[in-house]
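Structure at a glance
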Amino acid sequence: MNDIVVKDSNGTVLEDGDSVTLIKDLKVKGTSETLKRGTLVKNIRLTSKPDEVECNTKKVKGLVLKTQFLKKA
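Described below are features of the structure shown in this document. (Residues numbered from 1 in each chain as written. Predicted model: local features only at pLDDT ≥ 70, side-chain atom pairs only at ≥ 80, totals over all residues. Heavy atoms only, no water.)

**A word on the environment of L65**
- With respect to the helices and strands, L65 occurs in strand β9 (residues 63-66).
- Taking relative accessible area as the criterion, L65 reaches 6% and is therefore assigned buried.
- With 13 residues separating them in the primary sequence, L65 and E52 have C-alpha atoms 5.6 Å apart.
- Those residues within four positions of L65 in sequence are excluded, and the remaining contacts are L22, L26, D51, E52, V53, C55 and L70. (Helix = DSSP H or I, 4+ residues; strand = E, 2+ residues; numbered from the N terminus. Buried < 20%, exposed > 50% of the residue type's maximum accessible area, 1.4 Å probe, protein only. Contact = heavy atoms within 4.5 Å.)

**What about the pairing of β9?**
- Because side chains alternate across β9, one face comprises the buried residues L63 and L65, and the other comprises V64 and K66, none of which is buried.
- Across four bridges, strand β8 (residues 52-55) lies against β9 in antiparallel orientation. Paired with V53 across the strands is L65, a residue of β9. (Pairing = 2+ DSSP bridges.)

**Points about the sheet that holds strand β6 (residues 40-41)**
- Taken together, the three strands give an open sheet; going across it, the order is β6-β3-β10, and neighbouring strands pair in antiparallel fashion. This sheet does not close on itself; its edge strands, each paired only once, are β6 and β10 (70-72).
- Pairing geometry for strand β3 (residues 20-22) and β10, over three bridges, is antiparallel. For T21, the partnering residue across the bridge sits in β10 and is K71.

As structure tokens, this is what we get:
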């Protein structure tokens, strides 16, 4: 079905519905928000790109994050 393998910054395989933690402070384009290191993001969705995941946080909805800034929680 889906042959794309998505891995976090440590090389751990990620799947739909996983929870991840940010390993770096990230500024969100288009807003004045900054997501702090250690923020827990629940229920991620994989995309067609192996280096990106979609998610929602408490403050920002419809966010796309690079996997290089994530680790599996």
